[in-house]
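Architecture and fold: a report
Listed below, chain by chain, are the residues.
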Amino acid sequence: MVFVRGAAVVLITSTLALGACSSDQPFGPTVGEVLGSASTPAAGAPQAGIGVNAYLWRATLDTLSFMPLVSADPWGGVINYDWYSDPRKPDERFKATVFILDTRLRADALNVSVTKEVRGADGQWVAAPLSDQTETDLENAILTKARQFNLADAR
């Protein structure tokens, strides 16, 4: 009985030890890797901490920091923002979702989707048309910021 119990303990311990060896980081990414610290790899290099380009990730969070953040999935590359109303125009509000689609710093690795609503005469929010240029302008602002982060890290 003692032999069986001892063998079970050895088996469990060795399984846990070998399981930790299967990864460079057995306990997952560091906080800096998830948030995209300054020590992130170059734009084309593989990234162990997140599943998307760290520069695009950081630039998105920085560029849209004025909007309330709902959720951010650094492995799936989806960042959801809640409704934001400009204090100067309280009868309209915007919501955004950003999709980062690649580990490379490329324009086609980014997709921004924005929804606009306006308050009707009855006080209810209704969907409103949004200029196609709005999403393009946001994508360009994020890409510009990502390139600035990349250049700053290269120095």
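Here is what the cut-offs are and how they apply
Residues numbered from 1 in each chain as written. Predicted model: local features only at pLDDT ≥ 70, side-chain atom pairs only at ≥ 80, totals over all residues. Heavy atoms only, no water. Helix = DSSP H or I, 4+ residues; strand = E, 2+ residues; numbered from the N terminus. Contact = heavy atoms within 4.5 Å. Pairing = 2+ DSSP bridges. Axes fitted to C-alpha atoms, helices over the stretch in contact; angles between N-to-C directions. Phe/Tyr/Trp six-rings, centres within 6.5 Å; stacked < 30°, edge-to-face > 60°. Buried < 20%, exposed > 50% of the residue type's maximum accessible area, 1.4 Å probe, protein only. Lys NZ or Arg CZ within 6 Å of the ring centre and 35° of its normal.

A look at the side chain of Lys116
Tracing the backbone through its elements, the reader meets Lys116 in strand β4 (residues 110–119). Lys116 has contacts with Glu92, Arg93, Phe94, Val126, Ala127, Ala128, Pro129 and Leu130, leaving out every residue within four places of it along the chain.

A few points about the sheet that holds strand β5 (residues 125–128)
The strands that make up a sheet pair up through hydrogen bonds in the backbone, lying either parallel or antiparallel. Read across the sheet, 5 strands follow the order β1-β2-β3-β4-β5 without closing on themselves; strand pairing throughout is antiparallel. Edge positions in the open sheet fall to β1 (69–73) and β5, since each of these has one partner strand only. Taken over all neighbouring pairs, the strand axes of this sheet differ in orientation by 20° on average, direction set aside. For β1 and strand β2 (residues 78–81), the ladder comprises 4 bridges, and the chain directions are antiparallel. In the strand pairing of β2, Ala72 is matched with Ile79.

Quick look at the packing of aromatic side chains
In total, this model carries 1 aromatic pair according to the counting rule given. Where Phe66 meets Tyr84, the ring centres are 5.0 Å apart and the plane angle is 75°; that geometry is what we call edge-to-face. With a gap of 18 residues between them, Phe66 in the loop between α3 (54–63) and β1 and Tyr84 in the loop between β2 and β3 (92–100) connect regions that are remote in the sequence. Classification of Phe66 as partly exposed rests on a relative accessible area of 46%. Arg58 extends its terminal NZ or CZ atom over the ring of Phe149, reaching a point 4.2 Å from the ring centre.

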